[in-house]
Amino acid sequence: MAATNEDLRRRVSEGTRLLDTETTLPSFSSRRNQHLPATPVTLAPYSGYGTVDWLRALVQDSRAEASSSSSSSSSSSSYRRWWRPARSWLAACAIGVATALVAFAVDVSVETVSDWKAGRCAGGFWLNKRSCCALDAGECRHWRPWADSFPYAYLIYVATAVAFGAVASALSMTTRHDLMVDGVDRGGADEQETPAVVVKTMYMATGSGIPEIKSVLSGFEIPHLLDFKVMVVKSVGAVFAVATAMCLSKEGPFVHISTCIGHLVARCLPECAGNAMRLREMLSVACSAGLSVAFGAPIGGVLFSYEEISTYFPRRVLWRAFLCSLVAAAVLRELNPTGTGKLVLFETRYADVAYDAAHYAVFVLLGVCGGVFGGVFCAANSAWSRTFRRLALIRASPVLEVCVVALATALLQYPNPLLRETGDKVMERLLVDCSADQEDWICAAEAGARDGKGGGGAFYAWLASGTLVKLVLTVVTFGCKLPSGVIIPALDAGALFGRMVGQLVPGVSSPGVFAMVGSAAFLAGVCRMTVSLAVIMFELTGEVNYIPPFMVAILTAKWVADYISADGVYDVAQNLVGHPFLDAEQALEKLQNQQKQQQQQHRNRKEATLPIRVEALLPPHELDGPMTLRVTPERQADVSHLRSKLAEAARRGIPEPGFAMVNDGGICCGYVSGQDLRAIVDAVDKDAMAERGGVVDLAAEELALWVDASPICLSGKAPVEHAVELFSKLGVAYVAVVAEGSSRFVGLVTRKDLLRFLDSLE
């Protein structure tokens, strides 16, 4: 007996609400760590990552809004028209304020903890050296160094740096989660057979977090990545990590922290909590605040979210990101964590230092060297991660690796007076304008070298050795299991090299201008940023006259680095950790290279070359059966049939099942996800009027939000490029493949199937 439509609507709504509170958006929930299934699993890659269907989320949001508007009175409808957009703007402001508060606490704590390596304040151990000296008008009578002699100060510096690194890494270890990424289905004949499961151990608070956020914003879900605990651990861990003076920075962790804050705020909005597309739009907004407070560069933060992180960035996201970044920067400026009253980190004024056309050759040289640095860095870091970090001892003891790297960093950097402090202070010193400040130690050394008074060779050696040390230490540091970014170390290396080159350029009163351009070139070579980096450098330094040199060096560095290593640092990190990410340009480039290889092979054999077809993306044949629902021409199906399909998917351990509805003629007439199908079956099972063998009308109007009655279909003979565009531009999660000519259903292709195929081409 068929269930009545009215009762079914009520039951489905109840079942869906239950699922929303327990199983939807697993990467953003606060539930306990998911247990791995004991049943055989599928061949689909990235099994532990959920997939978001942008297109369907858009349709559901439009229908929900239309349904709510039609059921509301005229006064309440007018209220909703202005209140819902206002909530998004207010949420953007709240994210900016919260991010600024966290950044203020982290910045102040980093300076204090870092100064503990050298001494303490008698007026209060919680005061950093700058605040302590302010107690007696800058005479620093209250500051107590741990030791006056170089050997003892050196020993204490090294010991405290290693201790801080161990604390930061140990804190990060508390965010460990195991994620199933792949598995092998052995056929299903013997249900007791032990499956082969590939499990990836992730520490959610380690690294910069940017590669993981890129995967999330591209439509995948990483469990527990944005939990409140991760935000707290990453904030505290970043304090101790940066205080070690290792070759890492807090800019990447700030982006992760702001995204966690954005998730927490967005979950309070009904339109975001119930719709994955709206939620990820708010996460893109939050990303801009992270870089805004890290650098004091609000415009650069917006462009960074657009260029480097987000794959979907409509105008409404741009506007809200602009507001969020502005609020974050303004609030942080008022809080004044540095005590200077300035918003930017490295504000410089080279008003009396001009450059001419001949200096563009130097800027190009810096760009070439920055590209070589970036390309070598990406290749070396990848090789280091695939060799040293694969050792059994290092894999079993991540804290040990951090302690070893912290020890090597402290031993190598402390003797060099240019590298002794944290990265942002190193950068600030290297950008000093010696035409305006002759009292600085760097300026005195450069003046002595120009006047022939000696000391110039030693200073030049500090610059050259510092560049080399930064390169080597950044290679081995990036990827360690503690909160860390790569932006400031790359800027430091570029500033050291640029200042070194500036010593050789005649007629320049302040080589700091070349340090400034060199830092932009080195960061461009590492991260491959262009527009956003030029704006960030302008905001950081306040030098509008040097925008053309920035652009020249950045473009040159990107071209050279792309020639040496195709992937930037975040792409390398994403490949190393194995996160799913679909980049349309890279996918098309892989397909073009594959086509060239095939053409060369067929040319040698004098055979015709056939393009790669969509049918090559289809999963193994034995998985097609469990993922197909047999329905009547009216799209009706027996409940027992639906129940058996769910049981089969559960038995095989398919983590994210989706079912194509196929009628008697073999035509695909719909699609329903496993979660929605479970809600429908549960609703029917709860219906006292429905029997075990009841029939469900999947074409019923009340099921429109749960059943996709018009899935996107693509011919199996179509080029794979069509599938790449559909998955990347439209954001669909699945495509029904049909036979050419007859339109009979052949199989389902998901975004993960496309990624598996692209991975096989490497």
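Remember, predicted model here, so these are calculated numbers, not experimental data.

A.B. asks: Lay out the overall build of the protein chain with the relevant residues and their values.
C.D. replies: Looking only at helices and strands, one finds 28 helices and 14 strands in the protein chain. Here the protein chain holds 762 residues, and the buried ones make up 55% of them. Within the protein chain, contacts between residues at least 6 apart in sequence are counted, and of these 77% link residues at least 24 apart. For the protein chain, the exposed surface amounts to about 31700 Å²; the carbon and sulfur share of it is 59%.

A.B. asks: For the pairing of strand β13 (residues 734-738), give the residues involved together with the corresponding values.
C.D. replies: The buried fraction of β13 is high, at five of five residues. Of the two faces of β13, the one carrying Tyr-734, Ala-736 and Val-738 and the one carrying Val-735 and Val-737 are both buried. The pairing of strand β12 (residues 713-715) with β13 spans three bridges and is classified as parallel. Among the inter-strand pairings, Leu-714 is bridged to a residue of β13, identified as Val-737. Running through helix α27 (residues 720-730), the crossover from β12 to the neighbouring parallel element β13 is right-handed. Relative to strand β14 (residues 745-750), β13 is paired through five bridges, and the arrangement is antiparallel.

A.B. asks: Give me the UniProt feature "transmembrane region" (unreviewed entry) in the protein chain: which residues, what numbers.
C.D. replies: As recorded in UniProt, the sites labelled "transmembrane region" (unreviewed entry) are residues 88-106, 152-171, 283-306, 357-380, 392-414, 459-479 and 512-538. Helix makes up 92% of residues 357-380 and strand makes up 0%, while its end C-alpha atoms are separated by 35 Å. Overall, residues 512-538 shows 89% helix and 0% strand. The separation of its end C-alpha atoms is 15 Å.

A.B. asks: Can you explain the sheet that holds β14? Please cite residues and give values.
C.D. replies: The pairing of strands in a sheet comes from backbone hydrogen bonds and takes either a parallel or an antiparallel form. Ordered by their spatial adjacency, three strands build an open sheet running β12-β13-β14, and the pairing between neighbours is mixed. One side of each edge strand has no neighbouring strand; the edge strands of this open sheet are β12 and β14. Between one strand axis and the next, the sheet turns by 35 degrees as a mean value, whatever way the strands run.

A.B. asks: Kindly report on empty space enclosed by the protein, identifying the contributing residues and their values.
C.D. replies: Applying the stated criterion across every chain, the model contains three cavities of 30 Å³ or more. Taken as a whole, the largest cavity encloses approximately 60 Å³ of empty space. Contributing to the lining of the largest cavity are Val-242, Leu-248, Ser-249, Lys-250, Glu-251, Thr-422, Gly-423, Asp-424 and Ile-488. Residues belonging to the lining of the largest cavity are distributed by class as follows: three nonpolar, three polar and three charged.

A.B. asks: So, the pattern of salt bridges: which residues are in play, and what are the values?
C.D. replies: One pass over the structure, following the stated rule, counts 18 salt bridges. Across the pair Lys-250 and Asp-107 runs a salt bridge whose closest N-O atoms are separated by 3.8 Å. Taken together, the residues span a long stretch of sequence, with Lys-250 in the loop between α7 (228-243) and α8 (251-266) and Asp-107 in helix α3 (residues 74-115) at a distance of 143 residues. In this pair, the class of Lys-250 matches that of Asp-107, namely buried. Each of Asp-107, Lys-250 and Asp-424 takes part in one network of salt bridges that share partners.

A.B. asks: I'd like a rundown of the packing of aromatic side chains, residues and numbers included.
C.D. replies: By the definition in use, this model includes 19 aromatic pairs. Ring pairs connect the aromatic residues Tyr-355, Tyr-360, Phe-363, Phe-514 and Tyr-546, which therefore count as one cluster. Seen from the ring of Phe-581, Lys-214 lies directly overhead, with NZ or CZ sitting 5.0 Å from the centre.

A.B. asks: Any chance you could break down the state of the cysteines for me, citing the residues and the numbers?
C.D. replies: Disulfides are covalent bonds that connect the sulfur atoms of two cysteines. Under the criterion given, the structure shown has two disulfides. Two residues, Cys-121 and Cys-132, share a disulfide whose sulfurs are 2.2 Å apart. As the torsion about the S-S bond is roughly 80 degrees, the Cys-121-Cys-132 disulfide counts as right-handed. Of this pair, Cys-121 sits in strand β2 (residues 119-121) while Cys-132 sits in helix α4 (residues 129-134), placing them 11 residues apart in sequence. For the pair Cys-121 and Cys-132, a shared accessibility class is recorded, and that class is buried. In this model, Cys-133 is linked to Cys-140 through a disulfide, with the two sulfur atoms separated by 1.7 Å. Note on the Cys-133 and Cys-140 pair: the S-S dihedral is about 100 degrees, so by sign convention the disulfide is right-handed.

A.B. asks: An account of the nonpolar core is requested, with residue identities and associated values reported.
C.D. replies: Formed by 158 residues in total, the largest nonpolar core has its most connected members in Phe-295, Phe-377, Leu-491 and Val-569. Counting residues per element, this core draws most heavily on helix α20 (residues 512-527), which supplies 12 residues. Counting contributing residues per domain, this core is built from domain 1 (352-396 + 414-578) and domain 2 (596-761), each supplying no fewer than three.

A.B. asks: Tell me what's going on with the sheet that holds strand β9 (residues 658-662), and back it up with residues and numbers.
C.D. replies: Read across the open sheet, the three strands follow the order β7-β9-β10; overall the sheet is mixed. Looking at which strands have only one partner, the edges of the open sheet turn out to be β7 (628-630) and β10 (668-673). Ignoring strand direction, the axes of neighbouring strands in this sheet form an average angle of 30 degrees. Pairing geometry for β9 and β10, over five bridges, is antiparallel. Considered in β10, the bridge of Ala-660 is made with Tyr-671. Packing of helix α26 (residues 674-686) onto the sheet brings it into contact with β7, β9 and β10, and relative to β10 it is tilted by some 85 degrees.

Thresholds, definitions, all that
Residues numbered from 1 in each chain as written. Predicted model: local features only at pLDDT ≥ 70, side-chain atom pairs only at ≥ 80, totals over all residues. Heavy atoms only, no water. Helix = DSSP H or I, 4+ residues; strand = E, 2+ residues; numbered from the N terminus. Buried < 20%, exposed > 50% of the residue type's maximum accessible area, 1.4 Å probe, protein only. Contact = heavy atoms within 4.5 Å. Areas by Shrake-Rupley, 256 points an atom, 1.4 Å probe, with all protein chains shown as cover. Pairing = 2+ DSSP bridges. Right-handed = clockwise from strand over helix to strand, strands pointing away. UniProt positions renumbered as here; feature names shortened; annotations may be inferred. Axes fitted to C-alpha atoms, helices over the stretch in contact; angles between N-to-C directions. 1 Å grid on protein atoms, 1.4 Å probe; cavity = no way out; pocket = protein on both sides within 12 Å on 5 of 7 lines; lining within 4 Å. Points joined across faces, edges and corners; volume = space filled by probe spheres on them. Nonpolar A, V, L, I, M, F, W, Y, C, P; charged D, E, K, R; others polar. Salt bridge = Lys/Arg side-chain N within 4 Å of Asp/Glu carboxyl O. Phe/Tyr/Trp six-rings, centres within 6.5 Å; stacked < 30°, edge-to-face > 60°. Lys NZ or Arg CZ within 6 Å of the ring centre and 35° of its normal. Disulfide = S-S within 2.5 Å. Core = buried A, V, L, I, M, F, W, Y, C linked by side-chain atoms within 4.5 Å. Domains from an automatic or database assignment.

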